[in-house]
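Summary of structural features
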Amino acid sequence: MGQAERTNAKERIAFIDLMKGIVVLLILVHHLGFTEQTEWLKTVTYNLRLPSFFFIAGLFISHKYTTRAFIIKKVNNLLVPYVFFGLIMFAVALYIPDMIIPGIKDYHIEMTRQGLYRFFAHPANLPTWFLWTLFYASTIFFAISKTLRHRHWLITIFTITAIGIGGRMLSHYMLTHMNQNSLMTFLRYTHFSIGLESAFYLMAGYMFRNSSMFAYNPKDKTRSALILLALTLWLLAANGVTSYYWYNLANPLYTSYVAGLSGVAVVWLMAQRIGYLPYVSYVGRYSIITLGTHWVYHVIMRGIGITSPYIELAVILALLPPTIYVLTRYLPWLTAQRPLIPVPGERRRAVETAAPAFGGTIAGEGQELGTENLRKL
């Protein structure tokens, strides 16, 4: 690989981490209530955040793993952090009993089958609901794309789109039949149907990564025109709030896909142009930790009487870097930086767990939702 190619690889990794940072910070400001003040902002951000993370995850789907190894890898990267950050949130609720915790008031766990069932199905740390959904979508897309990889690519598109339609239909069914049995309730609370629907975004990321468009770097005028076009599509398609967590699916499926992909395109083009912003790229690189800890700090501050979202934002932004440093250095196996469960066939590599300085490069170390190393592009 020549010098120019190495430079381009570094830029790609950097801007993808920047893209993740932009999206995870949008999640943060949403949870603090900033987007609730503007209906337009609320609408467009709802239709951007989940599609962006799924699209980015799709960029790094690899068929080099067996299905069993891939599932174990996703358990390490998604479900282990889900449990870990849930336990942290549960500890907060346990040791500050008088705290009113948004979304989990009176949350409790008992060492019974039903108690454990609820803990795994209904996240104590609310933002981590997304990890179950990504686990479903990744596993489903991997199995189908690996099976059909020698077929014409249109067959994969048709199959995944059909699964997405089935997922949307299942979402509507679950709203009226969620208490029919324990399995249906579990799938409802872990958003299985949303995972089916969102496999489409993983497919889009996967196909984009394996096309010539991935390396396309438009000139400024062309980029501005593309951003304007994508933004227009985004605003036209995002009619109403689509809250996947609450199954408030305001848009028809096809407009949800258009809104999601056009929103991804806006952030992609902007991040590609900027390349790297120290703080934003840093929290983007470890976006799974940002996702799993910001709600804990939000809940604690609300519990001690801090209600100003501006103070909350300042405190959380200040706490994120040391939090990331501590968790990646001392608990990498629980925060998806190292595998807790050995992955069959994967050569174990020494990984630097200490977080880099803000000014340092993150080339070659970007991760899927802060979980796995980017491969050379």
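What counts as what
- Residues numbered from 1 in each chain as written.
- Predicted model: local features only at pLDDT ≥ 70, side-chain atom pairs only at ≥ 80, totals over all residues.
- Heavy atoms only, no water.
- Helix = DSSP H or I, 4+ residues; strand = E, 2+ residues; numbered from the N terminus.
- Buried < 20%, exposed > 50% of the residue type's maximum accessible area, 1.4 Å probe, protein only.
- Contact = heavy atoms within 4.5 Å.
- Areas by Shrake-Rupley, 256 points an atom, 1.4 Å probe, with all protein chains shown as cover.
- Salt bridge = Lys/Arg side-chain N within 4 Å of Asp/Glu carboxyl O.
- Phe/Tyr/Trp six-rings, centres within 6.5 Å; stacked < 30°, edge-to-face > 60°.
- Expected span 1.5 Å × (residues − 1).
- Arc of directions from axis to C-beta.
- Axes fitted to C-alpha atoms, helices over the stretch in contact; angles between N-to-C directions.
- Parallel < 35°, antiparallel > 145°, perpendicular 65-115°, else oblique.
- Left-handed = near helix turned anticlockwise from the far one by under 90°.
- Nonpolar A, V, L, I, M, F, W, Y, C, P; charged D, E, K, R; others polar.
- pLDDT = per-residue confidence, 0-100.
- Core = buried A, V, L, I, M, F, W, Y, C linked by side-chain atoms within 4.5 Å.

Quick notes on the overall build of the protein
Looking only at helices and strands, one finds 14 helices and 2 strands in the protein. A burial count over the protein gives 54% of its 377 residues as buried. Partitioning the contacts of the protein with sequence separation of at least 6, the portion at a separation of at least 24 is 79%. In the structure as shown, the protein presents an accessible area of about 17200 Å², 65% of it carried by carbon and sulfur atoms.

A closer look at the pattern of salt bridges
Applying the stated criterion across every chain yields a total of 4 salt bridges. For the salt bridge of D17 with K20, the shortest nitrogen-to-oxygen distance reads 3.2 Å. In this pair, D17 and K20 both sit in helix α1 (residues 3-31), 3 residues apart, roughly one turn of the helix. With respect to class, D17 is no different from K20; both count as buried. For the salt bridge of E197 with R168, the shortest nitrogen-to-oxygen distance reads 2.8 Å. In this pair, E197 is assigned in helix α9 (residues 192-209) and R168 in helix α7 (residues 153-177), connecting sequence segments 29 residues apart.

Quick notes on the packing of aromatic side chains
In the structure shown here, the tally under the stated rule is 24 aromatic pairs. Note on F54 and F130: the rings are 5.4 Å apart at their centroids and 80° apart in plane angle, and the pair reads as edge-to-face. Of this pair, F54 sits in helix α3 (residues 49-59) while F130 sits in helix α6 (residues 129-148), and the two are 76 residues apart along the sequence. Side by side, F54 and F130 carry an identical accessibility label, which is buried. Ring centres of W132 and F135 lie 6.0 Å apart, and the angle between their planes is 85°; on these two criteria the pair is classed as edge-to-face. Of the two residues, W132 and F135 both sit in helix α6, 3 residues apart, roughly one turn of that helix.

What to know about helix α13 (residues 287-303)
With 17 residues, α13 extends 25 Å between its outermost C-alpha atoms, agreeing within 8% with the 24 Å of an ideal straight helix rising 1.5 Å per residue. Just downstream of α13 lies G305, where phi reads positive at about 100°.

Comments concerning helix α10 (residues 220-237)
For α10, with 18 residues, the first-to-last C-alpha span of 25 Å sits near the 26 Å given by 1.5 Å per residue. All buried positions along α10 are accounted for by R223, I227, A230, W234 and A237. Seen from one end, α10 has its buried residues packed into an arc of 105°, which puts them on one side. Away from its buried face by more than 90 degrees, α10 exposes K221, L228, L229 and L236. Tucked into the core, α10 has its buried residues touching α2 (39-46) and α11 (253-274).

Examining the packing of α13 against helix α14 (residues 309-330)
Two elements in contact, α13 and α14, have axes whose closest approach is 9 Å; the angle formed by their N-to-C orientations is 130°. As summarised for this structure, α13 and α14 are arranged oblique, according to the angle between their axes. The two elements α13 and α14 cross, and the hand of that crossing is right-handed. Side by side, α13 and α14 meet where I289, T290, T293, H294, Y297, H298, M301 and R302 of the first sit next to E312, V315, I316, L319, L320, T323, I324, L327 and T328 of the second. For the contact of α13 with α14, the residue count by class is 9 nonpolar, 6 polar and 2 charged.

As for the confidence of the model for the protein
Looking at the protein, the pLDDT average stands at 82 and 82% of residues meet or exceed 70. At the low end of the mean pLDDT range in the protein sits helix α5 (residues 113-121), at 69; at the high end sits α14, at 97. Under a pLDDT of 50 for its full length, residues 1-12 has, in the predicted model, 7 contacts with residues more than four places off or in other chains. Scored below 50 in pLDDT, residues 348-377 makes 90 contacts in the model with residues more than four places away or belonging to other chains.

Topic: unusual backbone geometry
Unusually for a residue other than glycine, H191 sits at a positive phi of about 60°. For H191, the position within the fold is in the loop between α8 (182-189) and α9. Overall, H191 belongs to the buried group, its relative accessible area being 1%. A positive phi is found at A336, a non-glycine position, where the angle reads about 70°. The residue A336 is located in the segment after α14 in this model. Take A336: its relative accessible area is 1%, and that puts it in the buried class.

Some remarks on the nonpolar core
Within the largest apolar cluster, 102 residues are counted, with the highest numbers of intra-cluster contacts made by F54, L59, F130, I160 and W268. With 13 residues, the single largest contributor to this core is α6. Apart from the residues within four sequence positions on either side, L59 is in contact with I16, G205, Y206, F208, R209, F214 and W268.

Comments concerning the environment of G195
Here G195 is to be found in helix α9. A relative accessible area of 0% means that G195 is categorised as buried. In the structure, G195 is positioned 57 residues away from S138 in sequence and 8.2 Å away in space, judged by C-alpha atoms. Other than its neighbours up to four places away in sequence, G195 contacts T133, Y136 and A137.

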